Amino acid sequence: MSGSMMINGRECTFQAGQSILEAAQENGFKIPTLCYLPQAGAHGACRLCVVEVKGQDRLLAACETPAQEGWEIQTHSPRVMEARRTILQMLVASGQHNCFVADLEPDQWVEYQLEAMSAPGHKRLCPAFGNCRLQDLVVEYGVSVRDLEPYQGPFPVEEDHPLIERDFSRCIQCGRCVQACNQVQVNLAIPHPYGRREDHPQPEGFYPLVNYNLCTFCGECVQACPVGALHEKKAVGLGLIQETERIRTTCPYCGVGCQLWLRVKDGRIVKVEGVESAQPNRGRLCVKGRFGYDFIHSQERLTSPLIKEGGRFREASWEEALDLTAERFRAIIAQHGPDAVAGVSCARSTNEDSYSMQKLFRAVFKTNNIDHCART
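Residue numbers here run from 1 along each chain, matching the order of that chain's written sequence. Residues qualify for local features only when their pLDDT is at least 70, as the model is predicted, and side-chain atom pairs are given and counted only at 80 or more; totals for whole chains, interfaces and linings, by contrast, use all residues. Hydrogens and water are ignored here; the side-chain numbers use all heavy atoms of the structure.

Enquirer: Got a sec to walk through the overall build of the chain? Specific residues and values, please.
Expert: Numbering goes from the N terminus for both helices and strands, where a helix is a DSSP run of H or I of at least four residues and a strand is a run of E of at least two. Counting its secondary structure elements, the chain contains 9 helices and 15 strands. Taking 21 Å as the expected radius of gyration for a compact globule of 376 residues, we find that the chain reaches 27 Å, considerably beyond that expectation. Dimensions of the chain, computed from the C-alpha atoms along their principal axes, are close to 90 × 55 × 40 Å. Here the chain holds 376 residues, and the buried ones make up 45% of them. Contacts were defined at the residue level, with two residues in contact if any of their heavy atoms lie within 4.5 Å. In the chain, of all internal contacts separated by at least 6 residues, the share reaching a separation of at least 24 is 58%. Accessible surface, the chain: about 20,800 Å² in total, of which carbon and sulfur atoms supply 51%. The convention is simple: Lys and Arg are positive, Asp and Glu are negative, and His and the chain ends are not counted. A charged residue contributes its charge at one atom only: NZ of Lys, CZ of Arg, CG of Asp or CD of Glu. Within the chain, one finds 40 positive and 45 negative side-chain charges whose respective centroids are separated by 5 Å. Radius of gyration here is computed from C-alpha atoms only, and the compact-globule reference equals 2.2 Å multiplied by the residue count raised to the power 0.38. For the exposure calls, accessible area comes from a 1.4 Å probe over protein chains only, and a residue counts as buried if that area is under 20% of its type's maximum, exposed if over 50%, partly exposed in between. Working definition of accessibility: Shrake-Rupley area with a 1.4 Å probe, residue cover restricted to the visible protein chains.

Written as structure tokens, this is what we have:
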């Protein structure tokens, strides 16, 4: 069942159950949001998606308001724009968003951040600089931040984790990390804050702190964070997002085929992101897929085949190594029969590679001695 309504003077159709935000996006209208996570339910935390509806005495949050037949909606009226600027000012003032420097213009921020990259502590480069939704919206809406007095905290900071840093001086309490953990990955490792802010002791306060006894370190919270509050520890200080090339590939760790974006700078992987629009993972990754890429640049990694002679290994070409392997297999099968050999497919192989492996043993070697090392 569908209906129609007016958005910015244009008649638009929507499906039953769609929110104003979903209907607007489907019809090509851009409504800003910081808390909305498409894979989870809307909760209207940031209020940036407010729109003006004719006949309503207050602005409505588009993400959690169902579309209604016959409504007339303005997504960027003067009243809406002023409300969004006020909200953005409040968000910037709520923490230590040091990308906004009072005596600098926006076109000078990059140079400032490059200089701050080597600074100690939390005055250093924000890891989300250039890839921060809050920063983008402040620039887009021309929000004045010069006279703002940032909240001084205290803020909880978690730096001891080997994979993820949590710096809540940059947290805008949008709730996306909570939704990513509880509704997308269903790990339930980040309990939602509740009650009155003053009832929560500082510095932990009202912030979404993780329960590491339930955390699987998948990093979904990091990918969901629209600012610099959550970030990959290994990526800190390796460069701005503008300095990286984004390359799509398939995760090498198992046969599921999760799609990855590699952020690459100077031939090295800086960080990994899930491809949110692609099957089968729809942006979701496990701890290995998101963080387990160090082996690529390891000095201990073998870069050529080795053949053992006289108790010692020597380097060989692929042609020599493959010829030797084939010769040994033929000799063993000729002497002892096909069941004298067996194969174990690697857990990091793709489905296609594992299929080829079992085909080799069953169709060529004539044995069913083929297994998978991840089988329990």
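Enquirer: Which residues make up the packing of aromatic side chains, and what values do they have?
Expert: Whether two aromatic rings pair depends on their centres lying within 6.5 Å, for rings of Phe, Tyr and Trp, where Trp uses its six-membered ring; planes under 30 degrees apart make the pair stacked, over 60 edge-to-face, and the rest tilted. Inspection of the entire model under this criterion finds 8 aromatic pairs. Where phenylalanine 155 meets tyrosine 207, the ring centres are 6.3 Å apart and the plane angle is 65°; that geometry is what we call edge-to-face. A residue pair is termed long-range when its members are at least 10 positions apart, and phenylalanine 155 in the loop between α4 (133-140) and β6 (157-158) and tyrosine 207 in the loop between α5 (176-184) and α6 (220-224) qualify at 52 residues. The exposure class assigned to phenylalanine 155 is buried, which follows from its relative accessible area of 14%. Judged by centre distance (6.0 Å) and plane angle (80°), the rings of tyrosine 253 and phenylalanine 295 are edge-to-face. With tyrosine 253 in the loop between β9 (245-250) and β10 (259-265) and phenylalanine 295 in the loop between α7 (287-291) and β12 (306-309), this pair connects stretches of sequence that are 42 residues apart. Judged by its relative accessible area of 13%, tyrosine 253 is buried. Taking relative accessible area as the criterion, phenylalanine 295 reaches 24% and is therefore assigned partly exposed. Aromatic rings pair up to connect Tyr151, Phe155, Phe168 and Tyr207 into one cluster. Our definition puts a charge over a ring when NZ of Lys or CZ of Arg is within 6 Å of the ring centre and also within 35 degrees of the ring normal. The ring of tyrosine 293 has lysine 234 sitting right over it, with the charged end atom 4.2 Å from the ring centre. Note that arginine 246 overlies the ring of tryptophan 261, its terminal NZ or CZ placed 3.8 Å from the centroid.

Enquirer: For the sheet that holds strand β2 (residues 10-15), give the residues involved together with the corresponding values.
Expert: Across a sheet, strands are paired by hydrogen bonds formed along the backbone, either parallel or antiparallel in direction. Strand order in the open sheet formed by 5 strands is β2-β1-β5-β3-β4, with mixed pairing between adjacent strands. Of all the strands in the sheet, just β2 and β4 (60-61) have a single pairing partner and so form its edges. Where helix α2 (residues 78-93) meets the sheet, its contacts fall on β3 (50-53) and β5 (72-74), and the angle it forms with β3 comes to roughly 160°. We treat two strands as partners when DSSP finds at least two bridges between them. Axes here refer to lines fitted to C-alpha atoms; in helices the fit is confined to the stretch in contact. Angles between the N-to-C directions go from 0 to 180 degrees.

Enquirer: Which residues make up the pattern of salt bridges, and what values go with them?
Expert: For this analysis, a salt bridge means a side-chain nitrogen from Lys or Arg found within 4 Å of a carboxyl oxygen belonging to Asp or Glu. Counted under the stated rule, the structure contains 13 salt bridges. Measuring nitrogen to oxygen at the nearest pair gives 3.8 Å for the salt bridge that ties lysine 54 to glutamate 72. Of this pair, lysine 54 sits in the loop between β3 and β4 while glutamate 72 sits in strand β5, placing them 18 residues apart in sequence. Judged by relative accessible area, lysine 54 falls into the exposed class, the value being 62%. Residue glutamate 309 is joined to arginine 314 by a salt bridge in which the shortest nitrogen-to-oxygen separation is 2.9 Å. Look at the salt bridges and you will find they share partners, linking Glu232, Arg263, Lys271 and Glu273 into a network.

Enquirer: Explain the side chain of glutamate 165 to me, and be specific about the residues and the numbers.
Expert: Relative to the assigned elements, glutamate 165 resides in strand β7 (residues 164-167). Here histidine 231 takes part through its side chain, which lies 2.9 Å from a polar atom of the side chain of glutamate 165. Any N or O atom pair separated by 3.5 Å or less is treated as a polar contact, with the protein-specific requirement of one donor-capable and one acceptor-capable atom, and with residues adjacent in sequence counted only for side-chain atom pairs.

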